[in-house]
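Listed below, chain by chain, are the residues.
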Amino acid sequence: MNRPGTVVEVGRSTPPVLVHNGDSVVLQRFPVGTRVVYPPDPITGLRDPDGAIRRALLNPLDSEPLPALLHAGMRLTIAVDDISLPLPPMRWPDVRSRVLEAVLDMAADAGVEDVEIIIATSLHRRMTAAEVLHAMGRRVFDAFWPDRLYNFDAEDPEALIELGTTDEGEVVEISKRAATSDLLVYVNINLVAMDGGHKSVAVGLAPYRSLRHHHNVHTLRHTRSLMDPPRSALHSSCTRMGRLLETHVKVFKIETTLNNDTFPAALGFLNRRESEWTVRDRAMARVVAQATASMPPAQARAMFQRTRAPYALTGVFAGSTEPVHARALESLYKQQAVPVRGQSDVLSVGIPYVGPYNVNSIMNPVLVHCMGLGYFFNLYRGMPLVRRGGVLIMTHPCREEFHPVHHPSYIDFYEQVLSETRDPERIEVEYEERFANDAWYRQLYRRSHAYHGVHPFYMWYWGAHALDHLGDVVVVGGDRGVCERLGFRAASTLDDALEMATQTVGPHPSVTHLHCPPLFVCDVEAGGFEAGVP
């Protein structure tokens, strides 16, 4: 049995805490009384992943077994999650390749010849051939790439079809190939609770015209939280759309869960609690902190980007979308849930080198906003870890640095939009349509490897709930000019940041730090945390 996550209160003898700092890490001493939330230890993976996958396909939830749904002459489409999952990319074999091979073997046995595999990129950048090879495996890649294994194109009008409108007025438009198939199989990785369910098809195979119904300021401001689907307005919208589209196309869902064994042995100290570090762990932590701090950012980034996570498969569930997703969430929370009692005045997080939208790329300032206020703030069920009007302290260099191929519209969003306003509602009304329909961004999305023109807007809206909830955001080590553009304040040290926080929350604030990654989600209950900085 794995050891559960825990909350440790910093004492006078507590060693420095490792904090992620973009393309580096720092060893940080927190004030006495600070709570540090640690993730659970990794659950032991399934002994026979391929056997477990096959058993799931033969014994699905609320569905006939997959072989019974396959027959000669049918049109079969398989959709798979893109490069945004998992994080970091997992070492070979990726779980997608295992599942794809099992599904394709059954299709071949049934005599199915018309098979296409669509990478469900939605408005994300197209994956490169090398990235597709790593995720899908050599056998699938050689047999299907590029004609029958390809990236979804949300800007190809000939490849889309409108299926209807929900009772809430949401237009459901998805891939025509998927919608007109006899069977759509979706292969999902649930890295966090916001993944999977009806969101997979309703987002992954949909264009801007459908996404705008839930990727907007109002919906995201009323999502409580992204990691708690029953209380998420975004997920409610996706569920309405998914239920409608499933009246048109038969969907066989396959959802997988992984443990949180995030870093390989060479960086194993990143997985462990500092109080349990060996002599070697302490030495490695100091070496990595000092080396990456002295390297040019691109060199440090390249070193981290070679990391491949040794994730193990902990669950695989197949069949109808809703019962499958319920079981997948149960499996995921078993690994990730950490009980926490009470909110704090200040929440501290270290932003790591990688997020969903900068794999093999750069964590630009807009993505720092998304990671801190969108993802880390939302790592809760129940209530936020930080009280209303509290302060979020992020640690990140927050440089004015962008990937010109992957994020061209982000550059213009940062220069043209954020220089005028940071108000999400005004941004949505005055600027979104122009970026979403820009012909040059559309061309870069379709022919190069750029995120869609509207994508930086969504990353800004991702933080809408946090912007509404928080009293201030301070970035330790952040570039002052960039922080000012984002609406944050920059601090040179954590002590300076905590002193600045007192201007918002008063003297002697209570502080909680998330020791993440590895990923976890906090089940926050009301009550009892009153410790403050002396």
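Structure: above.
It should be emphasised that the depicted structure is a prediction, and the values quoted were computed from it without experimental measurement.

Undergrad: Can you lay out the overall build of the protein chain for me, pointing to particular residues and giving the numbers?
TA: A tally of helices and strands in the protein chain yields 21 helices and 20 strands. In terms of C-alpha radius of gyration, the protein chain reaches 23 Å, essentially the compact-globule figure of 24 Å for 534 residues. Contacts spanning at least 24 positions in sequence make up 79% of the contacts within the protein chain whose residues lie at least 6 apart. Within the structure as shown, the protein chain displays about 19,700 Å² of accessible surface, and the carbon and sulfur contribution to it stands at 49%. In the protein chain, 52 side chains carry a positive charge and 62 a negative one; their mean positions are 5 Å apart.

Undergrad: Which residues make up the pattern of salt bridges, and what values do they have?
TA: The full count for this structure, using the stated rule, is 29 salt bridges. The salt bridge involving Asp41 is made with Arg3; its shortest N-O contact spans 3.0 Å. In this pair, Asp41 sits in the loop between strand S4 (35-38) and helix H1 (49-58) while Arg3 sits in the segment before strand S1 (6-9), placing the two residues 38 residues apart along the sequence. Among the charged side chains, a salt-bridge network with shared partners connects Asp23, Arg301, Arg399 and Glu401.

Undergrad: So what about the layout of surface pockets? Which residues, and what values?
TA: Estimates place the volume of the largest pocket at around 280 Å³. Tyr150, Asn151, Phe152, Asp153 and Asp156 are, among the 16 residues lining the largest pocket, the residues nearest its centre. Of all the secondary-structure elements, those providing two or more residues to the lining of the largest pocket are strand S6 (114-119), strand S7 (149-151), helix H5 (176-179) and helix H17 (439-447). Residue classes in the lining of the largest pocket are distributed as 6 nonpolar, 2 polar and 8 charged. As a volume, the second largest pocket reaches approximately 220 Å³. The wall of the second largest pocket is formed by 13 residues, among which Pro229, Pro230, His235, Thr239 and His325 lie closest to the centre. Of all the secondary-structure elements, those providing two or more residues to the lining of the second largest pocket are helix H9 (233-245) and helix H12 (321-336). Broken down by element, the lining of the second largest pocket gets its largest block of residues, 4 residues, from H9.

Undergrad: Mind laying out the sheet that holds strand S14 (residues 344-350), listing which residues take part and the relevant values?
TA: Paired through their backbone hydrogen bonds, the strands of a sheet run either parallel or antiparallel. Spatial strand order, S1-S4-S19-S14-S16-S17-S18: 7 strands in an open sheet with mixed pairing. Every other strand in the sheet has two partners, leaving S1 and strand S18 (489-491) as the edge strands with one partner each. Taking the axes of each pair of neighbouring strands and ignoring which way they run, one obtains an average angle of 25° across the sheet. With 6 bridges connecting them, S14 and strand S16 (residues 386-395) associate as parallel partners. Following the sheet pairing, Val346 is matched in S16 by Val391. Across the sheet, helix H21 (residues 494-505) lies against S14, S16, strand S17 (472-476), S18 and strand S19 (511-514), angled at about 160° from S16, the strand it touches most.

Undergrad: Go over the sheet that holds strand S12 (residues 313-319) with me, naming the residues and quoting the values.
TA: Within the open sheet, the 6 strands sit side by side as S7-S6-S5-S10-S11-S12. Their pairing is mixed. At either end of the open sheet lies a strand with only one pairing partner, and these are S7 and S12. Each strand of the sheet is rotated relative to its neighbour by a mean of 20°, with strand direction disregarded.

Undergrad: Which residues make up the side chain of Thr262, and what values do they have?
TA: By the secondary structure assignment, Thr262 is in the loop between strand S11 (251-258) and helix H10 (279-294). Ignoring anything within four residues of it in the chain, the contact list for Thr262 reads Leu87, Pro88, Asn271, Ala309, Pro310, Tyr311 and Pro518.

Undergrad: Break down the nonpolar core for me, with residues and values.
TA: One broad trend across soluble globular proteins is that nonpolar side chains are buried collectively. Counting 161 residues, the largest nonpolar core has Leu57, Ile78, Val185, Leu205, Ile254, Met394 and Leu514 as the members making the most contacts within it. In this view, Ile78 contacts Leu100, Val103, Leu104, Val115, Glu116, Ile117, Ile118, Val185 and Val187; residues no more than four positions away in its chain are not counted. Counting 19 residues, the second largest nonpolar core, distinct from the first, contains Val10, Phe30, Val474 and Val505.

Undergrad: Before we move on, can you summarise helix H13 (residues 365-376) with the specific residues and values?
TA: Taking 1.5 Å per residue, 12 residues should reach 16 Å; H13 reaches 15 Å between its end C-alpha atoms and fits that length. Of all the residues in H13, the buried ones are Pro365, Val366, Leu367, Val368, His369, Cys370, Met371, Gly372, Leu373, Gly374, Tyr375 and Phe376.

Undergrad: Account for empty space enclosed by the protein, naming residues and giving values.
TA: Once rolled over the atoms, a probe with the size of a water molecule shows which space is left empty. With the rule as written, the count across this model stands at 6 cavities of 30 Å³ or more. A volume near 650 Å³ is recorded for the largest cavity. In terms of lining residues, the largest cavity is bounded by 45 residues, among which Leu85, Asp195, Pro356, Tyr357 and Tyr375 are the most central. For the lining of the largest cavity, the leading source of residues is helix H6 (residues 199-204), giving 4 residues. Per-class residue counts for the lining of the largest cavity are 29 nonpolar, 12 polar and 4 charged. Roughly 80 Å³ of volume is contained in the second largest cavity. Lining the second largest cavity are Gly22, Asp23, Arg301, Ile362, Met363, His396, Pro397, Cys398, Arg399 and Glu401.

Undergrad: Before we move on, could you go through the side chain of Thr395 and cite the residues and values that matter?
TA: By the element assignment, Thr395 lies in strand S16. For Thr395, the residues in contact, after removing those within four places along its chain, are Val19, His20, Asn21, Val349, Gly350, Ile351 and Val476.

Undergrad: How would you summarise the environment of Asp81 if you had to cite specific residues and measurements?
TA: Secondary-structure assignment places Asp81 in the loop between strand S5 (75-80) and helix H2 (95-109). With relative accessibility at 6%, the residue Asp81 sits in the buried group. Separated by 108 residues in the primary sequence, Asp81 and Ile189 place their C-alpha atoms 6.9 Å from one another. If we skip the residues at most four places from it in the chain, Asp81 touches Arg96, Ile119, Met136, Tyr186, Val187, Asn188 and Ile189. A polar atom in the side chain of Asp81 sits 2.6 Å from the side chain of Tyr186.

Undergrad: Got a sec to walk through unusual backbone geometry? Specific residues and values, please.
TA: Generally, phi is negative for residues other than glycine and the peptide bonds are trans, each holding for most cases. Cis rather than trans, the peptide bond between Trp145 and Pro146 has omega equal to 0°. If you trace the backbone, Pro146 turns up in the loop between helix H4 (138-144) and S7. Backbone torsion omega between Cys516 and Pro517 reads 0°, so that peptide bond is classified as cis. For Pro517, the position within the fold is in the loop between S19 and strand S20 (521-525).

Thresholds applied
Residues numbered from 1 in each chain as written. Predicted model: local features only at pLDDT ≥ 70, side-chain atom pairs only at ≥ 80, totals over all residues. Heavy atoms only, no water. Helix = DSSP H or I, 4+ residues; strand = E, 2+ residues; numbered from the N terminus. Rg over C-alpha atoms; globule rule 2.2 N^0.38 Å. Contact = heavy atoms within 4.5 Å. Areas by Shrake-Rupley, 256 points an atom, 1.4 Å probe, with all protein chains shown as cover. Lys, Arg positive; Asp, Glu negative; His and termini not counted. Charge placed at Lys NZ, Arg CZ, Asp CG, Glu CD. Salt bridge = Lys/Arg side-chain N within 4 Å of Asp/Glu carboxyl O. 1 Å grid on protein atoms, 1.4 Å probe; cavity = no way out; pocket = protein on both sides within 12 Å on 5 of 7 lines; lining within 4 Å. Points joined across faces, edges and corners; volume = space filled by probe spheres on them. Nonpolar A, V, L, I, M, F, W, Y, C, P; charged D, E, K, R; others polar. Pairing = 2+ DSSP bridges. Axes fitted to C-alpha atoms, helices over the stretch in contact; angles between N-to-C directions. Core = buried A, V, L, I, M, F, W, Y, C linked by side-chain atoms within 4.5 Å. Buried < 20%, exposed > 50% of the residue type's maximum accessible area, 1.4 Å probe, protein only. Expected span 1.5 Å × (residues − 1). Polar contact = N/O pair within 3.5 Å; in protein donor to acceptor, adjacent residues only side chain to side chain.

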